[in-house]
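Spelled out from the first residue to the last, the chains are:
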Amino acid sequence: MHNTGCFTMVAVLVLILLLGFAAGCSAPEALPTGVCAGALGTKVEKVMQKDPVILRSDWDPGTPREPAPEIATVTDDWLILVNKTHPLSKEYAPSDMVRIQYCVGDHAESMRYMRPEAAEHFHQMAEAAVQIGYEIGIRTAYRSYAQQYNIFYSYVARDGEEAANKYSARPGQSEHQTGLSADVTSPSVNYEMTTDYGQAPEGIWLAENAHRFGFIIRYPLGKEAITGYQYEPWHVRYVGAEAAAEIYERGITLEEYLGEVE
Ligand SMILES: [Zn+2]
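Residues numbered from 1 in each chain as written. Predicted model: local features only at pLDDT ≥ 70, side-chain atom pairs only at ≥ 80, totals over all residues.

Concerning helix 5 (residues 201–209)
Counted only if it meets this: Burial in this document is a count-based property: other C-beta atoms within 10 Å of a residue's C-beta are tallied, and the residue is buried at 20 or more, exposed at 12 or fewer, or partly exposed in between, with C-beta positions derived from the backbone. Strands are runs of DSSP state E lasting at least two residues, helices are runs of H or I lasting at least four, and both sets are numbered from the N terminus onward. Our arc is simply the arc of the directions from the helix axis toward the C-beta atoms.
All of the buried residues in helix 5 are Glu202, Gly203 and Leu206. Relative to the axis of helix 5, the buried residues are bounded by an arc of 100° and lie together on one face.

Comments concerning the pairing of strand 7 (residues 215–219)
Rules: Pairing between strands is defined by DSSP: at least two bridges between them are needed.
Here strand 7 lies mainly inside the structure; five of its five residues are buried. Where strand 7 and strand 8 (residues 232–238) come together, four bridges link them in antiparallel fashion. In the strand pairing of strand 8, Phe215 is matched with Tyr238.

Some points on the nonpolar core
Short version of the rule: By convention in this section, buried Ala, Val, Leu, Ile, Met, Phe, Trp, Tyr and Cys residues joined through C-beta atoms within 7 Å make up a nonpolar core. The contact rule is simple: place each C-beta atom from the backbone, and if two of them lie within 7 Å, those residues are in contact.
One finds Ile100, Met114, Ala210 and Ile216 to be the most contacted residues of the largest nonpolar core, which totals 38 residues. For this core, the elements supplying multiple residues, two or more each, are strand 3 (113–114), helix 2 (116–131), strand 5 (181–185), strand 7, strand 8 and helix 7 (241–250). Take this core: its biggest share by element is six residues, from helix 2. What Ile100 contacts, discounting residues up to four positions off in sequence, is Arg112, Tyr113, Met114, Ala119, Phe122, Ile138 and Ala141.

Topic: the sheet that holds strand 8
Stated formally: Each axis is a line fitted through C-alpha atoms, taken for helices only over the stretch in contact, and angles between the N-to-C directions span 0 to 180 degrees.
If you walk across this open sheet you meet the four strands as 4-5-8-7, and the pairing is antiparallel. This sheet does not close on itself; its edge strands, each paired only once, are strand 4 (137–140) and strand 7. If you compare each strand with its neighbour and ignore which way they point, the axes differ by 50° on average. Note: strand 4 against strand 5, three bridges, orientation antiparallel. What sits directly across from Gly137, in strand 5, is Thr185. Running at roughly 130° to strand 8, helix 2 makes contact with strand 5, strand 7 and strand 8 of the sheet.

Here's the deal with the environment of Ala129
Considering the arrangement of structural elements, one finds Ala129 in helix 2. Note: C-alpha distance between Ala129 and Asn209 (80 residues apart in sequence) is 9.2 Å.

Brief notes about unusual backbone geometry
Despite not being glycine, Asn190 has its phi angle at roughly 55°, a positive value. Its place among the elements puts Asn190 in the loop between strand 5 and strand 6 (193–194). Of note, Tyr191 is a non-glycine position whose phi angle comes to about 60°, a positive value. Judged by the 20 C-beta atoms lying within 10 Å of it, Tyr191 falls in the buried class.

Next up, the structure:
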C-alpha cells in the first residue's frame, strides 16, 4: 500500500512538471512566421500532415433558387449574406485582414487571416474556451476566390460536379471569402472537421457560447434547405454580438434573420 502511494505521488509530480513545461512553451504573441500555436500554448502545427479529413453526410440540396446579383464591394456590414444564391464577385477581397493566432493543421498561410473585428472576437472566444480547458483552433479562415476555384474543381475532378455541388461551394459562393468565417476544430475530434464535432465537448461549448462573441454556427442541423449547406458544426461566422444573440436565442439561420427565406 505504502509503495503504491509513493509511486502515485511521484507520477503526479512528474505530470505536474510536464504540464508546467507544456503550458509555458510558447507565447502566442511571439510566434515566428509560419508557426501556429494552439490556444493552450501547445504547438499543433504538425498535427495534421495528411489531407484534411472532412466527414459529411450525404444530402440533396434540391433545386437551386434564382441567384441575386454578385456582391462586388467590400463592406463593414457584418450581416453580409453570402450563399449559393448571393455570390461574391471575383474581385471581392478585404484588404484589412489580420493573422489568426490560434490555428491548427498545416493549411496555407494565406488561409489564416480574418478581418480585424472578427479576428479579435475569435481570439476572445478561444481564450474563454481555454479557461475551461478547451482548445478551439482554426483550420482555415479566409479563402480567396482563386482558392475556392481550385478547391471546388479538385472536388469536381474527384467526385463529379453534381456530387461536389452538394458539399462544396462554387467559387464566389463561400462566405470564407468575406474574411468573417472560419472552420474550427479541437483535440477531441483529432483536429478533423466532422459532424461529430457537434457532440464533442468543445463543439457543444462553441454552439452554446459563440454568440457571446458575435459568432453563429452558420449551418445548423435541420436547416439545410434554408442555408443550402449540410450541417457544419465547425463553421462559425462573425455577425456581431446583437445579431448573434438573436439568431442563437430564436434558433434561426442568418437567412431567416435577414428575412431572406421564401
Ligand atoms: Zn467553412
